[in-house]
Amino acid sequence: MSESGIRVSELAVEAGLEWRGASDPLIRGVGTITAAGPDQLTFLANKTYRRHLATTRAGLVILGEDAAVDCPVPCIVAPDPYVTYARLAARFAGGGAVAPGVHPSAVVEAGAEVDPAAAIGPLAVVEAGTRIGAGTVIGPGACVGPDVVIGRDCRIEARVTLCAGVRIGDRVIIHPGAVIGADGFGLAFAEAGWIKVPQLGGVRIGDDCEIGANTTVDRGALEDTVLEEDVRLDNQIQIAHNVRIGAHTAMAGCSAVAGSASIGRHCLIGGGAGIIGHIEIADRVTITAMTLVTHSIREPGEYSSGTPLQSNRDWRRNAVRLRQLDDLAKTVARLKKER
Amino acid sequence: MSESGIRVSELAVEAGLEWRGASDPLIRGVGTITAAGPDQLTFLANKTYRRHLATTRAGLVILGEDAAVDCPVPCIVAPDPYVTYARLAARFAGGGAVAPGVHPSAVVEAGAEVDPAAAIGPLAVVEAGTRIGAGTVIGPGACVGPDVVIGRDCRIEARVTLCAGVRIGDRVIIHPGAVIGADGFGLAFAEAGWIKVPQLGGVRIGDDCEIGANTTVDRGALEDTVLEEDVRLDNQIQIAHNVRIGAHTAMAGCSAVAGSASIGRHCLIGGGAGIIGHIEIADRVTITAMTLVTHSIREPGEYSSGTPLQSNRDWRRNAVRLRQLDDLAKTVARLKKER
Amino acid sequence: MSESGIRVSELAVEAGLEWRGASDPLIRGVGTITAAGPDQLTFLANKTYRRHLATTRAGLVILGEDAAVDCPVPCIVAPDPYVTYARLAARFAGGGAVAPGVHPSAVVEAGAEVDPAAAIGPLAVVEAGTRIGAGTVIGPGACVGPDVVIGRDCRIEARVTLCAGVRIGDRVIIHPGAVIGADGFGLAFAEAGWIKVPQLGGVRIGDDCEIGANTTVDRGALEDTVLEEDVRLDNQIQIAHNVRIGAHTAMAGCSAVAGSASIGRHCLIGGGAGIIGHIEIADRVTITAMTLVTHSIREPGEYSSGTPLQSNRDWRRNAVRLRQLDDLAKTVARLKKER
């Protein structure tokens, strides 16, 4: 497809949108607004890049109505240019269909059911009792434990680990090194030391979820850890046992959720943010980067913690005062009273 | 065992505790206080859940003396119900014994000594000079480097990496994706760029330790990185070179310890907390989530840093003032003087 | 080499530096200043350890001119003792040369070009179209995707994943579990849910870079994610799509950089620090541990955020006041005006 290319007019039909331009070039790939050439499409979604529109050499720009008049090359006018770009760009992605079948070096234990239209990569392991749906691809070196259920058209990438009994929906993407279903961190302290609390629940991942590289999602202690449909997790996120994450919530890299916390639908969790255990976050809550959420949030909106960036010198001067803040406030209260 | 079940009275004998109840049902599994059925046991350790006791349908509740009078079903009365639960629930955990032996797809190099009562999983690698004790299970895809020593009855899960020379005690559990013994981050800066400082120490993991999924423990630069016995590390923790962690200390997910720091015994380190290098933390110190420990702590107790969660609007108003805190404090000092 | 040992005088010649001492012992290994014996070398770079010099039993101490007079054993006098130590200690590192060749259990797809002087470890996967240079070692269980290019003399350790099309320079070290080239976190929100934005860029890693265990470096959305030469990343770092990191920059464990941020040359990023997306950091900037960088930094220097460590009791008292800081500042302004 990307070899022979596709005309701008055909892409417009595919998107169900209007196109404008003096010519109808063949598009063979994608590029940035500054680098795309005459056979590449690009998009304009961020106002910061508007200044590059006049000089773009792209064959096609996907943009909003307001920018269309200034576009020197063919364009598709979209209500949400980034969404339209995401849809049209997918056809230029490399890779393409993986041939179904089990690689001869993979180990598929007796009692595993692999759909003939699924693909199991080199040196992957599929243990007994596991079912893998049609169109699903298991990458090289992935380990799929016993009694796992994976739906259709999933991409389980290289070196992913799915532990015993994990349940994965359809069209789920799991990136390399992610571990789904390891034991939660359950400990009881007796006189002699820690006693491990058996982690007897599972993990359920809904349809259309995406899980980033080296992210970990622990199995529940008694009931399941749950990601509802279309949850999107970036890399190196930690989801503890019995967490529940609502549909369409997206979490940025290195964020973490402690045990039994419940996050609503359509939430956005910033990078490196932490959410303590046993609390609830309402739908449509945004948490900014590296914020620690220490109590339940009942109302939609944006929440933050932390202090602003400063030169280390200024930071030190102010930080000393932070240690004395209560005293300072008491002094002010006294002064106010005495006034 | 869980098929045929075990009577409440037998579980009480096993726990060495008293049981009460009008009947002595067979228990075949575990469940939460709200979901457990008549052949399942549950526990009541958290007062929040006390209100569910009256309506529980569980076959057995493990609880404290104070709650026993209100229990509508058979119960075992325990001084620490969670500890008793942890001990009794272990018998209902799935999996059970793994058959010993080396999977035909595993690569065990000549010169490795694998006890006949150990199990090496599919596509695992065990390099030369390594010794693996009886009852230890090496999971699928795990890589055990040369000259490693692993004790008895360990569970080294799928895709764990143990680098050259690492020493692991008995009954240690290491979850998928963990990396033990990679090079520490040792660099010296010369004119032309960084020079790697050879990392010539090892890693010693004591008996009964547990290490979470995708956690990393680096080898020492000259001497060893050490986890004493019964240290419990959650997922995605980073332990740098030459760190020492005292017995019975537990660290929650995503916490990190920089090089040559020393943490005492019986400490609790919260999720996402950071401990800088070359400092010492006394025994029985608790660090709250996402706190940065910037100096040694000599006294037991609880320590914190960070700011409280606020709506982003309030946070912005206050954050501006944080940048001016030193000026504010000086103004107050002047007002106080002038008074 | 370490068996037979090497004389202090020979090490001095190798370092191009002067040595002093009453004897010229054979050195067979390295140790700390307190533990090294008569056939081991050590170094003194940190003043804190100066007090141990008088009692050291080492066969050789590498130290600065000022300390040399007090050294009771042979010494090499170096302008930067740590750099000289790093260079000389390398010869005592274990391991040594790996025999070239492809392990019989590895899967090397047709169309991959592996230099005869490269070594592919047990159960590694090398996909089609990939080129691996002379002297490079691919560790056990590593997965090298299609169309990857790896230069000469690299160490790609156990269970590393290199995704399709990644480009690695010469002498690069990548530690176990790292994932290079997984999809960036690109999402567009449409009515029905998230749409994945294809990640069509690659990753380029310059010569002499080192990447820590379980670190992740995502591929670009359109253009490449780039690490220039001699960038040093510790463990569990997250580098998002389209980030650029300048030469000789070093980042400590668990730090993270969000999409399209650009970091200068010779920067030092502390452990757990976060850098938000689409900003620029100048050359020679130092960021302290767990700082959040929320805007571009134009000037070299040291920058921080966060609050100082306190006992939890003091922290609570002050944290309450943080929530009221804007009100406090307004009260002070009013008092000042009324004065």
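Okay, so let's go over this structure. Residue indices begin from 1 for each chain and proceed along its sequence in written order. As they are written, the chains are lettered A onward and the ligands numbered 1 onward, keeping that order. Local features in a predicted model are, by the rule used here, given only for residues with pLDDT of at least 70; side-chain atom pairs are given and counted only at 80 or more, and totals for whole chains, interfaces and linings are based on all residues. The side-chain quantities take in all heavy atoms of the structure and omit both hydrogens and water.

A few points about the overall build of chain A
Here comes step 1: On a plain count of helices and strands, chain A comes out with 5 helices and 40 strands.
Here comes step 2: For a compact globule of 339 residues, the expected C-alpha radius of gyration is about 20 Å, and chain A comes in at 25 Å, more than 25% above that figure.
Here comes step 3: Summarising its shape, the C-alpha atoms of chain A cover approximately 75 × 70 × 35 Å along the three principal directions.
Here comes step 4: Two residues qualify as a contact provided that any one of their heavy atoms is within 4.5 Å of a heavy atom in the partner residue. For chain A, restricting intrachain contacts to residue pairs at least 6 apart in sequence, the fraction spanning at least 24 positions comes to 16%.
Here comes step 5: For the area figures, the Shrake-Rupley method with a 1.4 Å probe applies, and any residue is considered shielded solely by the protein chains shown. Here chain A has roughly 13000 Å² of accessible surface; of this, 51% comes from carbon and sulfur atoms.
Here comes step 6: Positive charges are assigned to Lys and Arg, negative charges to Asp and Glu, while His and the chain termini are left out of the count. Here the site of a charge means atom NZ of a Lys, CZ of an Arg, CG of an Asp or CD of a Glu. Once the 33 positive and 38 negative side-chain charges of chain A are each reduced to a mean point, those two points are 10 Å apart. Strands here mean DSSP runs of E at least two residues long; helices mean DSSP runs of H or I at least four residues long; both are numbered from the N terminus. Computation of the radius of gyration draws on C-alpha atoms, with the globule rule given as 2.2 Å multiplied by the number of residues to the power 0.38.

Re the sheet that holds strand 5 (residues 40–43) of chain A
Residues and elements named next belong to chain A.
Here comes step 1: In spatial order, the strands read 2-7-6-5-4; together these 5 strands make up an open sheet with mixed pairing. Both edges of this open sheet fall to strand 2 (19–20) and strand 4 (29–30), since each of them pairs with a single strand only.
Here comes step 2: Strand pairing is assigned whenever DSSP detects at least two bridges linking the two strands. As defined by bridge partners, strand 5 adjoins strand 6 (residues 60–63) across 3 bridges and the pair is classed as parallel. What sits directly across from F43, in strand 6, is I62.
Here comes step 3: Axes here refer to lines fitted to C-alpha atoms; in helices the fit is confined to the stretch in contact. Angles between the N-to-C directions go from 0 to 180 degrees. This element, helix 3 (residues 81–89), spans strand 4, strand 5, strand 6 and strand 7 (75–77) of the sheet and lies at about 135° to strand 6.

Overview of the pairing of strand 21 (residues 179–182) of chain A
Each regular strand displays side chains that alternate between the two surfaces of the sheet.
All names here are of chain A.
Here comes step 1: Across 2 bridges, strand 18 (residues 161–162) lies against strand 21 in parallel orientation. Residue pairing across strands places T161 opposite V179, the latter belonging to strand 21.
Here comes step 2: Two strands pair when backbone bridges link them, and strand 21 and strand 26 (residues 216–218) are joined in this way by 3 bridges, in the parallel orientation. Among the inter-strand pairings, I180 is bridged to a residue of strand 26, identified as V217.

Structural notes on the interface of chain A and chain C
Here comes step 1: Across the contact, 70 residues belong to chain A and 71 residues belong to chain C.
Here comes step 2: Two parts lose some accessible area (1.4 Å probe) when they are put together, and adding that loss for both gives the buried area. Across the interface of chain A and chain C, roughly 5500 Å² is buried in total on both sides, 64% from carbon and sulfur atoms.
Here comes step 3: Ranking the residues of chain A by area buried against chain C places R159, M290 and L309 of chain A at the top, with a combined share of 13%.
Here comes step 4: Any Lys or Arg side-chain nitrogen found within 4 Å of a carboxyl oxygen on Asp or Glu counts as a salt bridge. In this structure, D326 of chain A and R321 of chain C form a salt bridge, with 2.7 Å as the shortest nitrogen-oxygen distance.
Here comes step 5: Polar contacts, as used here, are pairs of N or O atoms within 3.5 Å; protein pairs need one atom able to donate a hydrogen and one able to accept it. Residues neighboring in sequence count only if both atoms are side-chain atoms. Linking chain A to chain C there are 25 residue pairs in polar contact (both at pLDDT 80 or more).
Here comes step 6: Elements with a contribution of two residues or more to the side of chain A that touches chain C: helix 3, strand 28 (232–233), strand 31 (250–251), strand 40 (310–311), helix 4 (312–322) and helix 5 (325–338) of chain A.
Here comes step 7: No other element matches helix 5 of chain A, which puts 9 residues into the side of chain A that touches chain C.
Here comes step 8: The pairing of strand 40 of chain A with strand 39 (residues 301–304) of chain C spans 2 bridges and is classified as antiparallel. Directly across from Q310 of chain A, in strand 39 of chain C, lies its bridge partner S304 of chain C.

Notes on the interface of chain B and chain A
Here comes step 1: Facing 70 residues of chain B, the contacting portion of chain A comprises 71 residues.
Here comes step 2: Buried area between chain B and chain A, both sides added, is near 5500 Å², and the carbon and sulfur share of it is 64%.
Here comes step 3: The largest contributions to the chain B side of the interface with chain A come from R159, M290 and L309 of chain B, which together make up 13% of the buried area.
Here comes step 4: The tally of links from chain B across to chain A stands at 4 salt bridges.
Here comes step 5: A salt bridge links D326 of chain B to R317 of chain A, with the nearest nitrogen and oxygen atoms 2.6 Å apart.
Here comes step 6: Contributions of two or more residues to the side of chain B that touches chain A are made by helix 3 (81–89), strand 28 (232–233), strand 31 (250–251), strand 40 (310–311), helix 4 (312–322) and helix 5 (325–338) of chain B.
Here comes step 7: Ranked by residues supplied to the side of chain B that touches chain A, first place goes to helix 5 of chain B with 9 residues.
Here comes step 8: In the scheme used here, Gly and all other residues not listed as nonpolar or charged are polar, with Ala, Val, Leu, Ile, Met, Phe, Trp, Tyr, Cys and Pro taken as nonpolar and Asp, Glu, Lys and Arg as charged. Taken together, the residues of the side of chain B that touches chain A break down into 37 nonpolar, 19 polar and 14 charged.

Quick word on the environment of G206 of chain B
Residue and element names in this part refer to chain B.
Here comes step 1: For G206, the position within the fold is in the loop between strand 24 (203–205) and strand 25 (210–211).
Here comes step 2: Think of it in three bands: with a 1.4 Å probe and only protein chains considered, a residue is buried below 20% of the maximum accessible area for its type, exposed above 50%, and partly exposed in between. Residue classification places G206 among the buried residues on the basis of a relative accessible area of 16%.
Here comes step 3: Between the C-alpha atom of G206 and that of D230, which follows or precedes it by 24 residues, the distance is 6.9 Å.
Here comes step 4: Every residue in contact with G206, bar those within four places of it in the chain, is listed here: G169, V172, L227, E228 and E229.

A word on unusual backbone geometry
Here comes step 1: One non-glycine residue with positive phi stands out, namely R171 of chain A, at about 60°.
Here comes step 2: Here R171 of chain A lies in the loop between strand 19 (167–168) and strand 20 (173–174).
Here comes step 3: Of note, D208 of chain B is a non-glycine position whose phi angle comes to about 65°, a positive value.
Here comes step 4: By the secondary structure assignment, D208 of chain B is in the loop between strand 24 and strand 25.

What about the packing of aromatic side chains?
Here comes step 1: Between the rings of Phe, Tyr and Trp (Trp by its six-membered ring), a pair exists once the centres lie within 6.5 Å; its type follows the angle of the planes, with under 30 degrees stacked, over 60 edge-to-face, and the other angles tilted. Counting across every chain of the model gives 12 aromatic pairs over all chains.
Here comes step 2: Geometrically, the ring pair formed by Y82 of chain B and Y85 of chain B is stacked, given 6.5 Å between the ring centres and 10° between the ring planes. Separated by 3 residues within a single helix, Y82 of chain B and Y85 of chain B lie in helix 3, roughly one turn from each other.
Here comes step 3: Ring-pair connections join several aromatic residues into one group, and the members of that group are F43, Y82 and Y85 of chain A.

Thoughts on the relation of the copies chain B and chain A
Here comes step 1: Take chain B, turn it by 120°, move it 0.0 Å along the axis, and it overlays chain A with an RMSD of 0.1 Å. Classification of the inter-copy transformation places it as that of a three-fold axis. It is G306 of chain B whose C-alpha, among those of chain B, lies nearest the rotation axis, at 3.4 Å. To line up the copies, we fit them by least squares on C-alpha atoms, keeping just the residues with pLDDT of at least 70 in both.

So, the pairing of strand 6 of chain A
Residue and element names in this part refer to chain A.
Here comes step 1: Of the two faces of strand 6, the one holding L60 and I62 and the one holding V61 and L63 are both buried throughout.
Here comes step 2: Where strand 6 and strand 7 come together, 3 bridges link them in parallel fashion. If you follow L63 over to strand 7, its bridge partner there is V77.

Some details on the environment of A118 of chain B
Residues and elements named next belong to chain B.
Here comes step 1: Counting through the fold element by element, A118 comes out in the loop between strand 10 (113–114) and strand 11 (119–120).
Here comes step 2: For A118, a relative accessible area of 1% gives the class buried.
Here comes step 3: Taking the C-alpha atoms as reference, A118 lies 44 Å from T294; in sequence the two are 176 residues apart.

Quick look at the pattern of salt bridges
Here comes step 1: Summed over all chains, the structure comprises 54 salt bridges over all chains.
Here comes step 2: With a shortest N-O distance of 2.9 Å, D183 of chain B and K196 of chain B are connected by a salt bridge. Of this pair, D183 of chain B sits in the loop between strand 21 (179–180) and strand 22 (187–190) while K196 of chain B sits in strand 23 (residues 193–196), and the two are 13 residues apart along the sequence.
Here comes step 3: Its salt-bridge partner being K330 of chain B, residue D326 of chain B comes within 3.0 Å of it at the nearest N-O pair. Remark: K330 of chain B and D326 of chain B occur in helix 5; sequence separation between them is 4 residues, near one turn of the helix.
Here comes step 4: Here the salt bridges do not stand alone but share partners, grouping R155, E157, E210, D230 and R232 of chain A together with D183 and K196 of chain C into one network.

A look at the packing of helix 4 of chain A against helix 5 of chain B
Here comes step 1: Direction vectors running N to C along helix 4 of chain A and helix 5 of chain B enclose 55°, while the axes themselves pass 8 Å from each other. When the interaxial angle is binned, helix 4 of chain A and helix 5 of chain B end up oblique. Residues R317, N318, R321 and L322 of chain A of helix 4 of chain A touch helix 5 of chain B, and the partners they reach there are L325, D326, D327, A329 and K330 of chain B.
Here comes step 2: Here the residues of the contact of helix 4 of chain A with helix 5 of chain B sort into 3 nonpolar, 1 polar and 5 charged. Here the angle decides the label: under 35 degrees means roughly parallel, over 145 means roughly antiparallel, 65 to 115 means roughly perpendicular, and every other value means oblique.

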